[in-house]
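Fold and contact review
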Amino acid sequence: MLAFVPGAALGTVLLVSALAFGGRGLGAALFVAGATYVAAVAAAGDRIDATAPLVAVLLLVCGELSAWSVDERWGIRSEEPLAWRRGAALAALAIAGLAVAALVVALSAVPSNHGLGWTVLGAAAAIGAAGTGIWVARR
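A brief report on the enclosed structure follows. The structure displayed is predicted, hence computed values, not measured ones.

A word on the overall build of the protein
A tally of regular secondary structure across the protein gives 5 helices and 0 strands. For the protein, buried positions account for 14% of its 139 residues. Sequence-distant contacts, at least 24 apart, represent 60% of the contacts inside the protein between residues at least 6 apart. When the accessible surface of the protein is summed, it comes to about 10,100 Å², and 73% of that surface belongs to carbon and sulfur atoms.

Below you can see the structure in the form of structure tokens.
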């Protein structure tokens, strides 16, 4: 139950920022949320937190959706295809960010004396495969 306190605090700060300040405090709210998470990880010990990529992506999505909702408060409505493109871009950024962050956490969890070279080679191959997939998709 204690783990939900930072998330509830972030939600409250984001809501107050959006309603009272017109979205001017969104950056500060996300900074506080990130700092709270870093403090919790530092207090937990020396282990690598495997949930860090998910937390990072959720902070990204939370910030983008909060900014998007503040943008929607204006009287000017955007066209529907623009909203779909913005949502697709957000989803692509979230998925790509999750993949890269998970790769970084996985690489940092490998002990340096147990095949780090092979791990780096595997990571390079995965990045090359993803790059090839993106290159083929754009053609």
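Observations concerning the packing of helix 2 (residues 26–44) against helix 3 (residues 52–71)
For any two helices packed against each other, the geometry is given by the interaxial angle and the distance between the axes. Between helix 2 and helix 3, the shortest axis-to-axis distance is 10 Å and the interhelical angle comes to 165°. As far as their axial angle goes, helix 3 and helix 2 are roughly antiparallel. When you trace helix 2 past helix 3, the crossing you get is right-handed. Side by side, helix 2 and helix 3 meet where Leu-26, Leu-30, Ala-33, Gly-34 and Tyr-37 of the first sit next to Ala-52, Val-55, Leu-59, Gly-63, Ser-66, Ala-67 and Val-70 of the second.

Concerning helix 4 (residues 80–109)
With 30 residues, helix 4 should reach 44 Å at 1.5 Å per residue; the first-to-last C-alpha distance of 43 Å fits that figure. Among the residues making up helix 4, those that are buried are Leu-90, Ala-94 and Val-105. Contacts from the buried residues of helix 4 go to helix 3.

The rules behind the values
- Residues numbered from 1 in each chain as written.
- Predicted model: local features only at pLDDT ≥ 70, side-chain atom pairs only at ≥ 80, totals over all residues.
- Heavy atoms only, no water.
- Helix = DSSP H or I, 4+ residues; strand = E, 2+ residues; numbered from the N terminus.
- Buried < 20%, exposed > 50% of the residue type's maximum accessible area, 1.4 Å probe, protein only.
- Contact = heavy atoms within 4.5 Å.
- Areas by Shrake-Rupley, 256 points an atom, 1.4 Å probe, with all protein chains shown as cover.
- Axes fitted to C-alpha atoms, helices over the stretch in contact; angles between N-to-C directions.
- Parallel < 35°, antiparallel > 145°, perpendicular 65-115°, else oblique.
- Left-handed = near helix turned anticlockwise from the far one by under 90°.
- Expected span 1.5 Å × (residues − 1).

Any functional reading would require information that these geometric values do not contain.
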